[in-house]
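Here is what each chain is made of, one letter per residue.
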Protein chains: 2
Amino acid sequence: MATQKPALAKGTRDFGPKEVQKRKYILNSIESVFKKFGFMPLETPAMENLATLEGKYGDEGDKLLFRILNSGDYLKDLKEFQNNTSIDTTNLPSSTGNVSDLDSKAASKFISEKGLRYDLTVPFARYVVMNRNDITFPFKRYQMQPVWRADRPQKGRYREFWQCDADVVGSDSLINEVELIQIYAQAFSQLQIPYQIKLNNRKVLAGIAEVVKSVDEMNTIATAIDKLDKIGEAGVKAELTNCGYNDSELNTLFKIISLQGNNEVILQELESLLINSDIGSKGIEELQYVLRLIPNLTPVILDFSLARGLSYYTGCIIEVAATEGSLKSSIGGGGRYDNLTGIFGLPNVSGVGISFGLDRIYDVMEELNLFPNTVNRASSTQVLFCHFDEATQEYCLPALKVLRDAGIAAEVYPDVIRKKPIAKQLDYANALNIPYAAIAGETEMQQYVFNVKNLQTGEQTLIGTEELIRLINPFI
Amino acid sequence: MATQKPALAKGTRDFGPKEVQKRKYILNSIESVFKKFGFMPLETPAMENLATLEGKYGDEGDKLLFRILNSGDYLKDLKEFQNNTSIDTTNLPSSTGNVSDLDSKAASKFISEKGLRYDLTVPFARYVVMNRNDITFPFKRYQMQPVWRADRPQKGRYREFWQCDADVVGSDSLINEVELIQIYAQAFSQLQIPYQIKLNNRKVLAGIAEVVKSVDEMNTIATAIDKLDKIGEAGVKAELTNCGYNDSELNTLFKIISLQGNNEVILQELESLLINSDIGSKGIEELQYVLRLIPNLTPVILDFSLARGLSYYTGCIIEVAATEGSLKSSIGGGGRYDNLTGIFGLPNVSGVGISFGLDRIYDVMEELNLFPNTVNRASSTQVLFCHFDEATQEYCLPALKVLRDAGIAAEVYPDVIRKKPIAKQLDYANALNIPYAAIAGETEMQQYVFNVKNLQTGEQTLIGTEELIRLINPFI
């Protein structure tokens, strides 16, 4: 077969040893916090039936689903359909049998019935409904897995990326919101990322809409102010003017969402502004409760312009941003939603959840140099055993085993090198940032020792295996 | 939208909290051994270009690839092709424009250019070739990720399953074989699985073929004796008779592959039987070297009938089986292969690798009851704080935080229950196998204590937060 120049599929990435170590460091940190808060792991398959995925993410989302071609003779059903003129052809491809008349969207239902997971929320809802009789509610689950979207790839946006979600379903209590905010606080403190948590409530947004124009306008207002960061006050005002808002309405709106001061003060001011809105007052009450129960010093600020795009949120909405570095973008977000599982036949299950943006967190930590030194190494190896020939290599093997049995990651250079053996082996150790080389020559072998070289300082010492272990881990 | 009854895609599985805990226990055990032996992690994307995947797994494998439909107007290229009669149509679908004349296989090259990873070896080879200038060789990598095959689902065979591979590329040394065998030994000892490692060498198989009939017959013989477990000696003989083997040849073959005794003895006997085969003698030499360097007491036995299906192996071949329980099937396998990366333009890179069968290991451990108690719990929570009303619930929160700050996983029941509150909350704790409940009533709140109940023994004690921490972890 001819030689191929291999390439990655567009929008996908390999993660080499260094990147995996760092990504796992982040994932493990977040996971340890999830567990400490009583969340349990769930993993769902990459492939879901299209019936599960379609219609859940809007028309735009449906277009971004990766569809999997049916196995075997996948054209069979399409041909059968096209040869059968007795069935209803409304909204379906023509039955002329001519491929030129086919429409990609219409044809796909005949040749594809599975797709790749687009997020973790819909598979979670499916899981909950399918296992409703075995699950103990409230069900606190976390899930850390890749998802796929056929988006146009660009800097920082990939077609395969990880999501890390924690959700509670089957509990209306605001204690869950308090807990999820603390999960953010603990995880980002543990990762040493400077962060700020923004908090708002959809009911407050509804109240604002009611006071400004009408409660039905909530989505219009939310959609517009969601773009405040990108298009500025003038842009938002222009958009709402187009939607029929007058100056007085816009001034009321911006007076509210620009409230300044500490959380307590602006919540009091908002209370008087929304005094005539029941739903707004309920939202304020929820925010007051959550803020009161969050431990002191948690960096949470109210932001009434926070809307978060997805309209399925119904209560508190949360967003976290890094506060240092050039990447001040969102590193996490979430909120409360009602009726997550309704579409799958289990109505009235309220849920609240948060998500961590692994790629963004990675970029922030990289820029701020927050990965610990141990994580910055691709290899876990502490000692490389180096040698000159078969005999000295074999001499290394029992010591290698003793080190590993003591829990120390170690390796022996596998090949016997005839020309400049030590230089070549130290090159390998240095390339992998291995801290120690234990060199075995004729002399060392006769004395039952190794010439142990600290590859950072260059310091060398002739020691036996037990001393070598203590050198690396004095606590053993 | 109408209610849907949700289902899993055929051949896929959800892993609920208990299963994830157990699977992660296995994966983490294996990973810790990989790291101790100096292997570094790699992760490749789920989607690969079909150009990378096709032609690597034989015709059967190509059929089992999951192909992803191109995004957008995926029929465009197919239409264009069909409207363009000037291009070469040899071996391509007819250009009549009639879908009935299309063949699924031929059409797919127009509508799909990506597929799901079929194994971890081909993506690894692609990675090595693409990153050849940045990789330090020998490159020791491990990779633990799901793969997808459009196989007919059946008991124990899934369309999405995990592989856990460790490979060394760029080293011819047999020390790697010795190391990989020790990785198996350490990992299965750590998991407490009773196991046996079978060892053979393709060069020995070639030698046997040479002595029996001709060295070119190696693949025929290997393919036949690979089925010994399934079709027995009579079956294998029948198959080889069909291939033109006579009784004398079959007797020689079975005399060799039935050799009994300890490794040293049968290797000596084999040595004299293969004395006239250079390649056979080389294989014996390799086996002798590996066996000599493996630490004593490692349960390795020679098995000259071990062939392992895939014909790309060229040196040692390894297989591990559990030795207890009803599932005596293979739980791992591997071997040395040459020229893994040749197809991608990097010739003469030798590699050797092993694979762990996660699903099989899981089933064996489940049957033999080998999962530790801590892993058998779905939740990590040690203490559930229980309460009667808003006031007692709030009273729990500072204690909850102190426990978590001490590293103890804990949670508070989020909802306030009016009717039989403690019964309901203890049901939750028992369902999740949470070992302790810390109950806060009016009296406890006034005395700054909790009524802590050991949910296994029923024992109750009134203690403060510090005592509670010491009760759960006396070493803090």
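Just so it is clear, the model here is predicted, and its values are computed rather than measured.

Q: Just checking my understanding: could you explain the nonpolar core for this structure?
A: A general trend in soluble globular proteins is that nonpolar side chains are found buried together. The biggest cluster of nonpolar side chains holds 137 residues, and the ones touching the most others in it are A:Phe385, B:Ile193, B:Ile208, B:Phe304, B:Phe356 and B:Ile361. For B:Phe356, the contacting residues outside a window of four places in its chain are B:Ile30, B:Phe34, B:Cys164, B:Ile183, B:Tyr184, B:Ala187, B:Phe188, B:Ile331, B:Gly332 and B:Ile361. Ranked by size, the runner-up nonpolar core spans 136 residues in total, among them A:Cys316, A:Leu358, B:Val412 and B:Ile422.

Q: Looking at this model, I keep getting lost on the relation of the copies chain A and chain B. Mind explaining?
A: Put simply, the two copies of the chain differ by a rotation about an axis and a shift along that axis. It takes a turn of 180 degrees to lay chain A on chain B, together with a shift of 0.0 Å along the axis; the resulting RMSD is 0.1 Å. On this basis, the relationship between the two copies can be described by a two-fold rotation axis. Comparing contact sets, 100% of the residues at the interface of chain A also lie at the interface in chain B, consistent with an isologous, same-surface contact.

Q: What should I look at first to understand the sheet that holds strand S10 (residues 330–337) of chain A in this one?
A: In sheet architecture, strand pairing relies on hydrogen bonds along the backbone and comes in two forms, parallel and antiparallel. Residue and element names in this part refer to chain A. Here we have eight strands laid out as an open sheet, ordered S1-S5-S6-S11-S10-S9-S7-S8, and mixed in their pairing. Each edge of the open sheet carries a strand with a single partner, namely strand S1 (40–41) and strand S8 (300–302). Sheet analysis places S10 next to strand S11 (residues 351–356), joined by six bridges and oriented antiparallel. Paired with Tyr337 across the bridge in S11 is Gly351. Running over the sheet, helix H6 (residues 121–130) touches strand S5 (139–148) and strand S6 (160–169) and is turned about 135 degrees from S5.

Q: How should I be thinking about the side chain of B:Glu160 in this particular structure?
A: Structurally, the position occupied by B:Glu160 is in strand S6 (residues 160–169). Despite its burial, B:Glu160 remains without a salt bridge, the nearest opposite charge being carried by A:Arg117 at 5.4 Å. Polar side-chain contacts of B:Glu160 include one of 2.8 Å to the backbone nitrogen of A:Ala46. Among the polar contacts made by the side chain of B:Glu160, one reaches the side chain of B:Trp148 at a distance of 2.9 Å.

Q: Explain the packing of helix H8 (residues 202–212) of chain B against helix H9 (residues 218–225) of chain B here, please?
A: Any two packed helices are characterised by how steeply their axes cross, that is the angle between the axes, and by the distance between the axes. Residues and elements named next belong to chain B. Where H8 contacts H9, the two axes come as close as 9 Å, and the packing angle between them is 110 degrees. One finds that H8 runs roughly perpendicular with respect to H9. Of the residues in H9, those touching H8 at Arg202, Leu205, Ala206, Ala209 and Val212 are Met218, Asn219, Ile221, Ala222 and Ile225. Residues of the contact of H8 with H9, tallied by class, amount to eight nonpolar, one polar and one charged.

Q: How should the packing of aromatic side chains be read in this particular structure?
A: The description of two aromatic rings rests on the distance between their centres and on the angle between their planes. All names here are of chain A. What the rule picks out here adds up to 34 aromatic pairs over all chains. Consider the rings of Tyr184 and Phe188, whose centres lie 5.9 Å apart with planes at 15 degrees: the pair is stacked. Of this pair, Tyr184 and Phe188 both sit in helix H7 (residues 175–190), separated by four residues, roughly a single helical turn. For the pair formed by Tyr184 and Phe188, the shared burial category is buried.

Q: In this structure, what is going on with the packing of helix H1 (residues 17–36) of chain B against helix H7 (residues 175–190) of chain B? I would like to understand it.
A: Residues and elements named next belong to chain B. One can describe the packing of H1 onto H7 by two numbers: an axis separation of 9 Å at closest approach and a directional angle of 145 degrees. Our pair here, H1 against H7, has a crossing hand that is right-handed. For the pair H1 and H7, the contacting residues are Tyr25, Ser29, Ser32, Val33, Phe34 and Lys36 in the first and Ile183, Gln186, Ala187 and Gln190 in the second.

Q: Mind showing me how you'd approach helix H1 (residues 17–36) of chain A here?
A: Since the α-helix turns once every 3.6 residues, residues separated by three or four places project in the same direction. Taking 1.5 Å as the rise per residue, H1(A) with 20 residues should run 28 Å; its terminal C-alpha atoms sit 28 Å apart, in good agreement. Among the residues trailing H1(A), A:Gly38 stands out with phi positive, at a value near 85 degrees.

Q: So what exactly am I meant to see when it comes to the interface of chain A and chain B here?
A: Quite often, the size of an interface is put as the accessible area lost when its parts meet. With 117 residues of chain A at the interface, the matching set in chain B holds 117 residues. Buried area between chain A and chain B, summed over both chains or domains, comes out near 9,400 Å², and the portion from carbon and sulfur atoms is 57%. For the pair chain A and chain B, the number of links is ten salt bridges. A salt bridge links A:Glu179 to B:Arg404, with the nearest nitrogen and oxygen atoms 2.6 Å apart. At the boundary of chain A with chain B, the tally comes to 33 residue pairs in polar contact (both at pLDDT 80 or more).

Q: Got a minute to help me understand helix H17 (residues 421–431) of chain B in this structure?
A: Listing the buried residues of H17(B) in full gives B:Pro421, B:Ile422, B:Gln425, B:Leu426, B:Tyr428 and B:Ala429. All buried residues of H17(B) lie within an arc of 150 degrees about the axis, which places them on one face of the element. In this fold, the buried residues of H17(B) make contact with S5 of chain A together with strand S12 (383–387), strand S13 (410–412), strand S14 (436–440) and strand S15 (450–454) of chain B. Two residues or fewer after H17(B) comes B:Asn433, characterised by a positive phi angle close to 55 degrees.

Q: I'm lost on unusual backbone geometry in this one. Help?
A: A negative phi angle is the norm for most residues apart from glycine, just as the trans form is the norm for most peptide bonds. Of note, the bond from A:Phe137 into A:Pro138 is cis; its omega dihedral lies within 30 degrees of zero at -5 degrees. Considering the arrangement of structural elements, one finds A:Pro138 in the loop between H6 and S5. A positive phi angle, close to 75 degrees, is found at B:Leu297, a residue other than glycine. Note on placement: B:Leu297 falls in the loop between helix H13 (278–293) and strand S8 (300–302). For B:Leu297, a relative accessible area of 85% puts it in the exposed group.

Q: I keep staring at the sheet that holds strand S7 (residues 195–201) of chain B and nothing clicks. Help me out?
A: Residues and elements named next belong to chain B. In space, the eight strands of this open sheet follow the order S1-S5-S6-S11-S10-S9-S7-S8, with mixed pairing throughout. Of all strands in the sheet, those with a lone pairing partner are strand S1 (40–41) and S8, marking the two edges. Pairing of strand S9 (residues 313–322) with strand S10 (residues 330–337), which is carried by six bridges, proceeds in the antiparallel orientation. In the strand pairing of S10, Val320 is matched with Gly332. On the sheet, H1 packs against strand S5 (139–148), S6 and strand S11 (351–356) and is oriented at approximately 160 degrees with respect to S5. Along the sheet, helix H6 (residues 121–130) contacts S5 and S6; its crossing angle with S5, the most-contacted strand, is approximately 135 degrees.

Q: Whenever I open this one, the side chain of A:Asn70 confuses me. Can you help?
A: Here A:Asn70 shows up in the loop between strand S3 (67–69) and helix H4 (76–83). If we skip the residues at most four places from it in the chain, A:Asn70 touches A:Phe110, A:Ile111, A:Ser112 and A:Glu113.

Q: Would you take a moment to explain the environment of A:Gln456 for this structure?
A: Residues and elements named next belong to chain A. If you trace the backbone, Gln456 turns up in the loop between strand S15 (450–454) and strand S16 (460–463). Look at Gln456 and you get exposed, because its relative accessible area is 78%. Put simply, Gln456 and Leu253 are 203 residues apart on the chain and 61 Å apart in space, counted from C-alpha to C-alpha.

Q: Is there a simple way to explain the pattern of salt bridges in this structure?
A: When charged atoms on two side chains of opposite charge get close, those side chains can pair. Tallied over the full model, the rule gives 45 salt bridges over all chains. Note that B:Glu394 and A:Arg292 form a salt bridge whose closest N and O atoms lie 2.8 Å from each other. Here B:Glu394 is found in helix H16 (residues 390–405), whereas its partner A:Arg292 is found in helix H13 (residues 278–293) on a different chain. A salt bridge links B:Glu249 to B:Lys213; the nearest nitrogen and oxygen atoms lie 3.3 Å apart. Of this pair, B:Glu249 sits in helix H11 (residues 247–257) while B:Lys213 sits in the loop between H8 and H9; the two residues are 36 residues apart in sequence, bridging distant segments of the chain. The buried category is assigned to B:Glu249, whose relative accessible area is 14%.

Q: Any chance you could explain the environment of A:Ala423 here in plain terms?
A: In this structure, A:Ala423 sits in helix H17 (residues 421–431). A C-alpha to C-alpha distance of 9.8 Å links A:Ala423 and A:Cys386, two positions 37 residues apart in sequence.

Calculation rules
- Residues numbered from 1 in each chain as written.
- Chains lettered and ligands numbered in written order.
- Predicted model: local features only at pLDDT ≥ 70, side-chain atom pairs only at ≥ 80, totals over all residues.
- Heavy atoms only, no water.
- Core = buried A, V, L, I, M, F, W, Y, C linked by side-chain atoms within 4.5 Å.
- Buried < 20%, exposed > 50% of the residue type's maximum accessible area, 1.4 Å probe, protein only.
- Contact = heavy atoms within 4.5 Å.
- Least-squares fit on C-alpha atoms with pLDDT ≥ 70 in both.
- Pairing = 2+ DSSP bridges.
- Helix = DSSP H or I, 4+ residues; strand = E, 2+ residues; numbered from the N terminus.
- Axes fitted to C-alpha atoms, helices over the stretch in contact; angles between N-to-C directions.
- Lys, Arg positive; Asp, Glu negative; His and termini not counted.
- Salt bridge = Lys/Arg side-chain N within 4 Å of Asp/Glu carboxyl O.
- Polar contact = N/O pair within 3.5 Å; in protein donor to acceptor, adjacent residues only side chain to side chain.
- Parallel < 35°, antiparallel > 145°, perpendicular 65-115°, else oblique.
- Nonpolar A, V, L, I, M, F, W, Y, C, P; charged D, E, K, R; others polar.
- Phe/Tyr/Trp six-rings, centres within 6.5 Å; stacked < 30°, edge-to-face > 60°.
- Left-handed = near helix turned anticlockwise from the far one by under 90°.
- Expected span 1.5 Å × (residues − 1).
- Buried area = accessible area lost by both parts, 1.4 Å probe.
- Arc of directions from axis to C-beta.

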